[in-house]
Structure formats: C-alpha cells, structure tokens
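Descriptive analysis of the structure
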Amino acid sequence: MKTRDIVHGDGPAEQRAELLKERIYISFTSLAVLLAMSSHSHTLEPSEALTTLLITNAGTLLAVFLADVIAGIAIQERLPTSAELKHKMRVSFGAIGAVIAPIIFLAVSVFGGWSLQVGLRAAAIALVVGLVVVTRIAIKRVKLPAWMKLLVLSAAAILGVAVIALELLAHE
C-alpha cells in the first residue's frame, strides 16, 4: 500500500496515525528553523537558508527513523523484519511530503523569484496550512461532532501561529 493511500484513509488507523504524526513533527521542526532564520535573514543568502532547511529535514527524518528502529528493537527484543523495516522507512521518510512546499518556496528565493524574507514567510505559512490539512486528514473519519472537529482544527492552526508568535517575540 502506498503512503498516499494510507494517509488519505485507505489504511488501518494505526498506520494513518503514524504517518500523520511524523508529518506534524517535521512541520513543527521546520517551522522553528524557518522562523529562526527569518529573524536573521539579513545575514543569510537564500541558498544558505535552503541548505539549512534541507539539512534540518534530513537530520530530523534520519533521527525519527533511527528512533523508530531502536524503539522497535527494545520492545520486540529482535531486529525488525524486512516488512517492518520497509514500514518504518515509509513512515519516517514519507513525512518529507509535509515540507515540499517550503523547500520549493525557498528555492524560488534562491533563483531570484522572491526575496529571502518573502520565501521564508511563504514557507512558514505553508507549514501552518499543512498542519491544519494534516489535522483535517487525521480527524476526517473520526466520529466526533462537527464542532469538536472544528475545535481540533482550530487548535492546530492556533498552535502553528503560536510558534510563529513566540519566535517573533523572542527576537524582538
């Protein structure tokens, strides 16, 4: 089964939750890095910002994968099977989909289409929107009243915006 199929509701709930959880982790990590770079954008070249985001994402994905493998070994007291390893890879590295738009936006800045500040802002907005979309996907099949689903979606948006606000306050 493809990652896209699992994320969009055709897989078991546990598999959907794993994939969506990793997307949330990498989104918040990327958001924090983007905002930190934004406060120092006057000293950065767009290529440095893009490289920083790429390295951060690669490191985060590798850390998530390694943590998942080690936790599985500790729990099951054996090495993962080939199928388990493939699943762990799909879960860990499938999260890269959450940061494609920010990578593209910074690439536009690298090639002169936008200033770095605009690229960083667009990337941060894309991540907050992505968090809301991931949350929507996560709760779409959950049997909750509409007002509770709206509350959960609002909480995801508020947390994303709160990260931005905290970062801005920290750098004033």
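Everything that follows concerns the structure shown earlier in this document.
Summarised in this report is the structure supplied together with it. Fair warning: this is a prediction, and the values are worked out from it, not measured in the lab.

**Observations regarding the pattern of salt bridges**
As enumerated under the stated definition, the model contains 2 salt bridges in all. Between Lys88 and Asp68 there is a salt bridge, with the nearest N and O atoms lying 3.7 Å from each other. One end of the pair, Lys88, is in helix H4 (residues 82-94); the other, Asp68, is in helix H3 (residues 46-76), and 20 residues separate them in sequence. Its relative accessible area of 13% is what places Lys88 among the buried residues. Residues Arg78 and Glu84 are paired through a salt bridge, measuring 2.8 Å at the closest nitrogen-oxygen approach. A residue is classified by how much of its surface remains accessible, and Arg78, at 36% relative accessible area, is partly exposed. Among the residues examined, Glu84 registers a relative accessible area of 22% and is labelled partly exposed.

**Looking at the nonpolar core**
Ile26, Leu31, Leu34, Met37, Leu106, Leu120 and Ile164 are the most contacted members of the largest nonpolar core, which has 23 residues in total. At the level of elements, helix H2 (13-38), H3, helix H5 (100-110) and helix H6 (116-139) are the ones that each hand at least two residues to this core. Ignoring anything within four residues of it in the chain, the contact list for Leu106 reads Leu34, Ala49, Leu50, Leu53, Leu116, Gly119 and Leu120.

**Re the packing of aromatic side chains**
Per the counting criterion, the structure on display carries 2 aromatic pairs. Pairing Phe65 with Phe93 gives two aromatic rings, centres 5.3 Å apart and planes at 35 degrees, and the pair type is tilted. Taken together, the residues Phe65 in helix H3 and Phe93 in helix H4 connect sequence positions 28 residues apart. Under the relative-accessibility criterion, Phe93 is labelled partly exposed at 29%. Both rings, one in Phe105 and one in Trp114, keep their centres 5.4 Å apart while their planes meet at 50 degrees; by these two values the pair is tilted.

Conventions we followed
- Residues numbered from 1 in each chain as written.
- Predicted model: local features only at pLDDT ≥ 70, side-chain atom pairs only at ≥ 80, totals over all residues.
- Heavy atoms only, no water.
- Salt bridge = Lys/Arg side-chain N within 4 Å of Asp/Glu carboxyl O.
- Helix = DSSP H or I, 4+ residues; strand = E, 2+ residues; numbered from the N terminus.
- Buried < 20%, exposed > 50% of the residue type's maximum accessible area, 1.4 Å probe, protein only.
- Core = buried A, V, L, I, M, F, W, Y, C linked by side-chain atoms within 4.5 Å.
- Contact = heavy atoms within 4.5 Å.
- Phe/Tyr/Trp six-rings, centres within 6.5 Å; stacked < 30°, edge-to-face > 60°.

Just distances and angles here, no functional claims.
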